[in-house]
Amino acid sequence: MRVALICIDKPGHLAVRQENRAAHLAHIEASGVVEMAGPFLDGGAMCGSLVVLNVETFDAAREWAAADPYAKAGLFESVDIREWKKVIG
């Protein structure tokens, strides 16, 4: 199943994002379940993340999100986890 994580950063937390970016990217690489991912931008500055996972269960998506170094560092104001169906692309 595909699951989309829509993560919005806390205001003023760009430094937290930058400090944890390498660990976040390593988590993506090591997990093997990320189909696509990238930051949301506000005037060119990163302010959130969209991550599409291909996982067996919704719980696996929750576990992936909880283990994300960005989440562990307290970067996100909100994380919305939704089942998603790929139609185009």
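What counts as what
- Residues numbered from 1 in each chain as written.
- Predicted model: local features only at pLDDT ≥ 70, side-chain atom pairs only at ≥ 80, totals over all residues.
- Heavy atoms only, no water.
- Salt bridge = Lys/Arg side-chain N within 4 Å of Asp/Glu carboxyl O.
- Buried < 20%, exposed > 50% of the residue type's maximum accessible area, 1.4 Å probe, protein only.
- Pairing = 2+ DSSP bridges.
- Helix = DSSP H or I, 4+ residues; strand = E, 2+ residues; numbered from the N terminus.
- Axes fitted to C-alpha atoms, helices over the stretch in contact; angles between N-to-C directions.
- Contact = heavy atoms within 4.5 Å.
- Polar contact = N/O pair within 3.5 Å; in protein donor to acceptor, adjacent residues only side chain to side chain.
- Core = buried A, V, L, I, M, F, W, Y, C linked by side-chain atoms within 4.5 Å.
- UniProt positions renumbered as here; feature names shortened; annotations may be inferred.

Q: What's the story with the pattern of salt bridges in this structure? I'm lost.
A: Side-chain pairing between opposite charges can occur once the charged atoms of the two side chains come close. Considering all chains together, one arrives at four salt bridges under this definition. R17 is paired through a salt bridge with D9; the nearest N and O atoms lie 2.8 Å apart. Of the two residues, R17 and D9, both sit in the buried class. Between D80 and R82 there is a salt bridge, with the nearest N and O atoms lying 2.6 Å from each other.

Q: Would you take a moment to explain the sheet that holds strand 2 (residues 34–42) for this structure?
A: Working definition: the strands of a sheet are paired by backbone hydrogen bonds and lie parallel or antiparallel to each other. With antiparallel pairing, four strands are arranged side by side in an open sheet as 2-3-1-4. Of all strands in the sheet, those with a lone pairing partner are strand 2 and strand 4 (76–84), marking the two edges. For this sheet, the mean inter-axis angle between neighbouring strands, taken without regard to orientation, is 15°. Of the pairings in the sheet, the one linking strand 1 (residues 2–9) to strand 3 (residues 45–54) comprises seven bridges and is antiparallel in character. Looking at strand 3, one finds that R2 is bridged to N54. Taken strand by strand, helix 1 (residues 14–31) contacts strand 1, strand 2, strand 3 and strand 4, and its axis lies near 15° from that of strand 3. The strands that helix 2 (residues 58–67) touches are strand 1, strand 2, strand 3 and strand 4; relative to strand 4, the one it contacts most, it runs at about 155°.

Q: What is the right way to read the side chain of H27 from this model?
A: The residue H27 is located in helix 1 in this model. Looking at H27, its side chain comes within polar contact range of the main-chain oxygen of W64, at 3.2 Å. Residues contacting H27, with those up to four places away along its chain left out, are W64, A67, D68 and P69.

Q: How do you make sense of the side chain of N20 when you look at a structure like this?
A: Following the sequence through the fold, N20 ends up in helix 1. A relative accessible area of 19% places N20 in the buried class. In contact with N20, not counting residues within four places along its chain, are P69, Y70 and A73.

Q: For this particular structure, what's the right way to read the nonpolar core?
A: It is characteristic of soluble globular proteins that their nonpolar side chains tend to be buried jointly. The biggest cluster of nonpolar side chains holds 14 residues, and the ones touching the most others in it are L5, L53 and W64. If we ignore the near neighbours within four places in the chain, the residues touching W64 are L5, H27, I28, S31, V33, V34, V51 and L53.

Q: Any chance you could explain the UniProt feature "domain: YCII-related" (unreviewed entry) in the chain here in plain terms?
A: Those places that UniProt annotates as "domain: YCII-related" (unreviewed entry) correspond, in this numbering, to residues 1–85. Helix makes up 38% of residues 1–85 and strand makes up 42%, while its end C-alpha atoms are separated by 8 Å.

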